Amino acid sequence: MTTSEAGRRTALLAAAVVLLFFASVLLGSYTVTLPDFFTIVTNHLTGGPKIPGASFIVMEDKLPRTVIGTMIGTAFGLAGALFQTMLRNPLASPDVIGISSGASAAAVVAIVVFGASGGAVSGAALAGALAVAALIYGISRGGERRGAGRGNAAGNRLVLAGVGIAAALQAVISFLLTRADIRTAADVLVWLNGSLNSANWDRAGILFLALAVLVPAVAAIAGPLRILELGDDAAAGLGVRVPAARLALVVIAVALAAVATASAGPVSFVAFLAGPIARRITGRSSLPASALVGALIVLAADYFAANLAPLLLDGTVLPVGVVTGALGAPFLLWLLVTANRKDA
Amino acid sequence: MSTTTARPTAGHGARVPAGAAPGPLRGEAPGRKQAAWLLAAVVVLVLLAAASLAVGARDVPLATVWQALTGFDPGNGNHAVVQARIPRTVLGLLAGAALGLAGAAMQGVARNPLADPGIIGVNAGAALAVVTGIYVFGITRFAGYVWFAFAGAAAAAVVVYLVASLGREGATPVKLALAGAALSAGLSSLMNIILVSSQDTLDRFRFWQVGGVAGRDWSVLLPGLPFLAAGALVVLLAGRTLNGLALGEDIARGLGQRVGLSRAVIALGIVLLCGTATALAGPIGFVGLVVPHAVRFLTGPDYRWILPFSLIAAPALLLGADIFGRVVLLPGEVPAGIMTALLGAPVFVWLIRRGKGAGL
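Residues numbered from 1 in each chain as written. Chains lettered and ligands numbered in written order. Predicted model: local features only at pLDDT ≥ 70, side-chain atom pairs only at ≥ 80, totals over all residues.

**Student:** Would you take a moment to explain the overall build of chain B for this structure?
**Tutor:** When you go through chain B residue by residue, the secondary structure sums to 15 helices and zero strands. Per-residue burial for chain B yields a buried fraction of 57% across its 360 residues. Long-range pairs, those at least 24 residues apart, make up 78% of the contacts in chain B between residues at least 6 apart in sequence. (Helix = DSSP H or I, 4+ residues; strand = E, 2+ residues; numbered from the N terminus. Buried ≥ 20, exposed ≤ 12 C-beta atoms within 10 Å, placed from the backbone. Contact = placed C-beta atoms within 7 Å.)

Structure representation (structure tokens):
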């Protein structure tokens, strides 16, 4: 596939994100016309008269929900693509390697033990994700010195350490769930699945600020990343300071996954799937395309979870992560099968 | 390749692995040290079983435990307490033994130091099946969960192993861990759809999910016994076959083993063991992973010793975790499954850092 063809397909992806964004705001169980939407937004910004009902639903529910959905999709998509490229392993992603369970365990401790809610839970999740990421990185790096020069051993160790720590943290979460009151446990479960139900503008603002720092950082690191893909030795030969570049990549990828998880919970599979799907669409590994695919997945899944699932499940609004998980699992197994066949 | 590496067959077909694998076995009186250690492990296990009957929110002196076992007096409160602790102790013994044997055999058959029921998706499969049982069929008791959990565990194990063993290298640790993690994530999503929409189901399920030996009575235990016995028989008889497989598929084939068949039979035994253990006790992680590794320090690489040692040491660990969980957070209890995860994770990390095991 030529470069211009890949660029054209990336542009198509961007158009699809915009289209889906407006579809989620305007359509659904409460429909708003496009002129009404612009009236509502301009009046909200200029302090003009509100449209009764519609203004509230759009400004307090639909719009923040969709904005946050787009941003976390972008962040998860970028984080997943960074991990997969850096570890040269199509199966690595923040949910598989334990960062999400760090965020989850910290959030559950905050909710169940300290009775926290809202911003405090997000803060705890952020801290938990970063702490577990540092722990996993430390574990995999400590071993590296002894087993030096064994190709991708450090990457594999990172994955394995993540899987082990995730299992232990899962036990902590399960235990805390049995100690909580059943209502709290149900709330915790919704958070654990990743949900946009409690989206609001404060959260959107913080997330926006974080992405305003992190997305340019991704653009800056994209060059060394492409060289790292050739292998550590080749990259060192080409003048890349491999440990420093790797550390920078880890920090940026973890931060992206952590802020997204803190805003909406660990929406499963988005980080995992965005990279491979983007590769299939554009024909090569591409960070912008992965970000767009991530946003597309979250928007589509949340539209289903918020508007279609209640029709099937007597009004239960599913957490968006349940939908991404249920749709992602078959795709993932298929991906595993083809990836394993390929190296046969 | 398989024909050229098969030379050792000629002379010592009968005692292959002991000579082929370097370890403490070499040059010592065969098995005497191991037998002594095994005897010591049995003594420790008996002591732990006694402690499991005696220790808890209400401590009972060991002499009274003995009286309660030999001449039960229904009017004696202490005797009743001991009586109530018998099923959980028996379950700890059975589930621990099953997980230890299954873990050891799994590590051998997959040539994979990280094979463990928790990591290869057995727990997630069992969990989804249990949730389905609660939600769809309205099952409310542990005795009813058993069959669902067993079916789910077996199905998940088969899928994970099949997916991971595609490709040239077979089921490497990373492929197995990732396939397990991936399938677990997918199955949990399906499970969560049910749990989010039904608070009743969540309320029942969360107490199964932690994994433990408390609260199960004989009606839970007894249906599992035939499965456990069959699985244990298969795996315990497989020591020599596992020794061959541990040398690699080509060598094992050169030694005259029917690799595919023996793998399939052992895998069946493993699924019987860890599927039943998970069905009876809920998901209990890390026992099957940690014990066989620890045991290797005493036994060396010979599976004919690793298997019986795991059979004794794993229930000791599970009983120890259960006893510790009873006293650590009085008056509440921490389920054994949580304690084993907290104790096991550091060992797991240490194994990864050591990084010497096959394929790591």
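Next comes the rest of the description.
**Student:** For this particular structure, what's the right way to read the overall build of chain A?
**Tutor:** Helix and strand counts for chain A come out as 13 helices and zero strands. Ordering the α and β elements of chain A from the N terminus gives α-α-α-α-α-α-α-α-α-α-α-α-α. Over its C-alpha atoms chain A spans a radius of gyration of 21 Å, differing by no more than 12% from the 20 Å that the globule rule assigns to 344 residues. Dimensions of chain A, computed from the C-alpha atoms along their principal axes, are close to 65 × 55 × 40 Å. A total of 344 residues make up chain A; the buried ones form 53% of that total. Within chain A, contacts between residues at least 6 apart in sequence are counted, and of these 74% link residues at least 24 apart. (Rg over C-alpha atoms; globule rule 2.2 N^0.38 Å.)

**Student:** Can you help me understand the packing of helix α4 (residues 77-109) of chain B against helix α10 (residues 239-246) of chain B in this one?
**Tutor:** The angle between the axes and the distance between the axes are what describe a pair of packed helices. All names here are of chain B. The interhelical angle for the contact between α4 and α10, taken along N-to-C directions, is 35 degrees, at an axis separation of 8 Å. For the pair α4 and α10, the contacting residues are Ala-105, Gly-108 and Val-109 in the first and Leu-242, Leu-245 and Ala-246 in the second. A class-by-class count of the residues in the contact of α4 with α10 yields five nonpolar, one polar and no charged. (Axes fitted to C-alpha atoms, helices over the stretch in contact; angles between N-to-C directions. Nonpolar A, V, L, I, M, F, W, Y, C, P; charged D, E, K, R; others polar.)

**Student:** Would you mind showing me how to read helix α3 (residues 54-86) of chain A here?
**Tutor:** Think of an α-helix as 3.6 residues a turn; residues three or four steps apart then line up on the same face. Residues and elements named next belong to chain A. Compared with the 48 Å implied by 1.5 Å per residue over 33 residues, the 46 Å span of α3 between its first and last C-alpha is a close match. Where α3 bends most, at Lys-62, the angle is about 35 degrees, and the proline Pro-64 comes one to four residues later. Judged by how many residues are buried, α3 sits mostly within the fold: 26 of 33 residues are covered. Looking one or two places after α3, you find Arg-88, whose phi comes out positive at around 45 degrees. (Expected span 1.5 Å × (residues − 1). Bend = angle between axes of the 7 residues up to and from the residue.)

**Student:** Looking at this structure, how should I read the environment of B:Phe205?
**Tutor:** Looking at where B:Phe205 falls in the secondary structure, it is placed in helix α8 (residues 199-209). C-alpha separation for the pair B:Phe205 and B:Ala35, spaced 170 residues apart in sequence, amounts to 43 Å.

**Student:** Sorry, what's going on with unusual backbone geometry here?
**Tutor:** Trans is the common state for peptide bonds, and a negative phi is the common state for residues other than glycine. One non-glycine residue, A:Phe269, adopts positive backbone phi at about 75 degrees. With respect to the element layout, A:Phe269 can be found in the loop between α10 (242-264) and α11 (270-282). For A:Phe269, a count of 30 C-beta atoms within 10 Å translates into the label buried. In this structure, B:Phe286 takes a positive phi of about 75 degrees despite not being glycine. In this structure, B:Phe286 sits in the loop between α12 (259-281) and α13 (287-299).

**Student:** What is the right way to look at the environment of A:Leu130 in this model?
**Tutor:** Residues and elements named next belong to chain A. With respect to the secondary-structure elements, Leu-130 resides in helix α5 (residues 119-146). Considered as a pair, Leu-130 and Ser-100 are 30 residues apart in the sequence and their alpha carbons are 9.8 Å apart. When sequence neighbours within four positions are dropped, the list of residues in contact with Leu-130 reads Val-254 and Ala-258.

**Student:** Could you clarify how one ought to interpret the packing of helix α2 (residues 32-54) of chain B against α4(B) in this entry?
**Tutor:** All names here are of chain B. Contact geometry of α2 with α4 gives a least axis separation of 8 Å together with a crossing angle of 140 degrees. When the axis of α2 is compared with that of α4, the two are oblique. Every pair of crossing elements has a handedness; the one defined by α2 and α4 is right-handed. Between α2, through Ala-49, Ser-52 and Leu-53, and α4, the contact on the second element is made entirely by Val-82, Arg-85, Ile-86, Thr-89, Gly-92 and Leu-93. When grouped by side-chain class, the residues that make up the contact of α2 with α4 number five nonpolar, three polar and one charged. (Parallel < 35°, antiparallel > 145°, perpendicular 65-115°, else oblique. Left-handed = near helix turned anticlockwise from the far one by under 90°.)

**Student:** Just to check I follow, could you spell out helix α1 (residues 3-26) of chain A for this structure?
**Tutor:** All names here are of chain A. In a regular helix each residue adds 1.5 Å, so 24 residues correspond to 34 Å; α1 covers 35 Å between its end C-alpha atoms and thus fits that length. Those residues of α1 that sit buried are Leu-13, Leu-20, Ser-24 and Val-25. Where the residues of α1 are buried, they touch α2 (34-46), α3, α11 and α12 (287-312). Looking one or two places after α1, you find Gly-28, whose phi comes out positive at around 115 degrees.

**Student:** Quick question: what am I supposed to make of the confidence of the model for chain B here?
**Tutor:** A low pLDDT means the predicted coordinates there should not be read in detail. All names here are of chain B. When the pLDDT values of chain B are averaged, the result is 78; 86% of them are 70 or greater. Within chain B, the element-level pLDDT minimum falls on helix α1 (residues 16-20), averaging 40, and the maximum on helix α14 (residues 303-327), averaging 88. Taken together, the stretch residues 356-360 has pLDDT below 50 and engages in 12 contacts with residues farther than four places along the chain or on a different chain. As a predicted assembly, this complex carries a pTM of 0.77 together with an ipTM value of 0.76. (pLDDT = per-residue confidence, 0-100.)

**Student:** For this particular structure, what's the right way to read the confidence of the model for chain A?
**Tutor:** With 92% of its residues at a pLDDT of 70 or more, chain A shows a mean pLDDT of 82. In this model residues 143-151 of chain A is a low-confidence stretch, pLDDT under 50, and it forms seven contacts with partners more than four residues away in sequence or in other chains.

**Student:** For this particular structure, what's the right way to read the environment of B:Gly320?
**Tutor:** Take B:Gly320: it is sitting in helix α14. Sequence separation between B:Gly320 and B:Gly103 is 217 residues, and the spatial gap between their C-alpha atoms is 18 Å.

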